[in-house]
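Below are the chains, spelled out letter by letter.
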Amino acid sequence: MHDLIIKGGTVIDGSGDAPRTADIAIEGDRIVGVGKISGSARATINASGALVTPGWVDVHTHYDGQATWDSVLAPSSWHGVTTAVMGNCGVGFAPVRPDAHQFLIELMEGVEDIPGAALAEGIDWQWESFAQYLDALDRKPRTIDVGAQVPHGSVRAYVMGERCNDRDVTPTAAELQAMQDEVRKGMVAGALGFSSSRTWLHTDRKGVHVPGTFAGGDEMLALGLAMKGLKHGVFE
């Protein structure tokens, strides 16, 4: 007996082949058959007149705040996205010190034009570390999956405070080590990778370039090396 049969849908399988009418049999988390499926199932979905397609992974979103209060994550979930990756462009909301909430909100507002009022109203800040942020995401039931990256801006602000986006200031050796540690801890906790931004187009609400814009090669290399030895991780 199958766990689920999706019957009579128009299957577009992502291979480039023409759409076709077919049944799909699922057991556990695996598709075990596509075609004319006989036999019984614990559940059956009549998909006649509907499209049945692979899930879409949107690798560049900024749901970092919305994901903490919105289970649906519209409009992405309305358009076939089944996994949304956030923490892009070096902006996000963890790690964060209690006195830096507004700074990170204004950073996201400036870079991505997400209304700061909505972020301030919606985020409940039940975390400080990146691991705690992931735990907060995990506690929220949701329609689609999410993945998060450790953002350079948050890490720099967490370690360097108000000096984080001063273009004439480089981190001390101790600060560089602390930032590397934060990236490593975030990756071990389950982050997909680390993100930064070097474009002059990215500024905060006050027009100041985002933390990390002028980071030197030593800093970027150190943060990349924070992922050394792990079996996963991207550097964006």
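Scroll up a little and you will see the structure.
What this report covers is the structure whose coordinates are included nearby. Everything numeric here is computed off the predicted structure, so don't read it as measured data. All chains use their own residue numbering, which begins from 1 and follows the written sequence. Local features in this predicted model are restricted to residues whose pLDDT is 70 or higher, and side-chain atom pairs enter the listing and the counts only when it is 80 or higher, whereas totals over whole chains, interfaces and linings include all residues. Calculation of side-chain values draws on the structure's entire complement of heavy atoms; hydrogens and water are dropped beforehand.

### Digging into unusual backbone geometry
Negative phi is the rule for most residues except glycine; trans is the rule for most peptide bonds. In the segment running from Ala74 into Pro75, the intervening peptide bond is cis, with an omega of 10°. With omega at -5°, the peptide bond leading from Ala94 into Pro95 counts as cis. Only runs of H or I of at least four residues qualify as helices and only runs of E of at least two qualify as strands under DSSP, and these elements are numbered from the N terminus. You can see Pro95 is positioned in the loop between strand E7 (81-86) and helix H1 (101-112). Although it is not a glycine, Leu73 sits at a positive phi angle of roughly 55°. On the accessibility criterion, Leu73 (0% relative accessible area) is buried. Each residue gets one of three labels from its accessible area relative to the maximum for its type: buried under 20%, exposed over 50%, partly exposed in between, using a 1.4 Å probe on protein chains only.

### A closer look at H1
Multiplying one less than the number of residues by 1.5 Å gives the expected span of a helix. Look at H1: 16 Å from first C-alpha to last across 12 residues, which is about the 16 Å you get at 1.5 Å a residue. Those residues of H1 not exposed but buried are Leu104, Ile105, Glu106, Leu107, Met108, Glu109 and Val111. Structurally, H1 contributes buried residues whose contacts are with helix H2 (116-122) and helix H4 (152-160). Of the residues one or two after H1, Asp113 is the one with positive phi, at around 60°. Should any heavy atoms of two residues lie within 4.5 Å, those residues are considered in contact.

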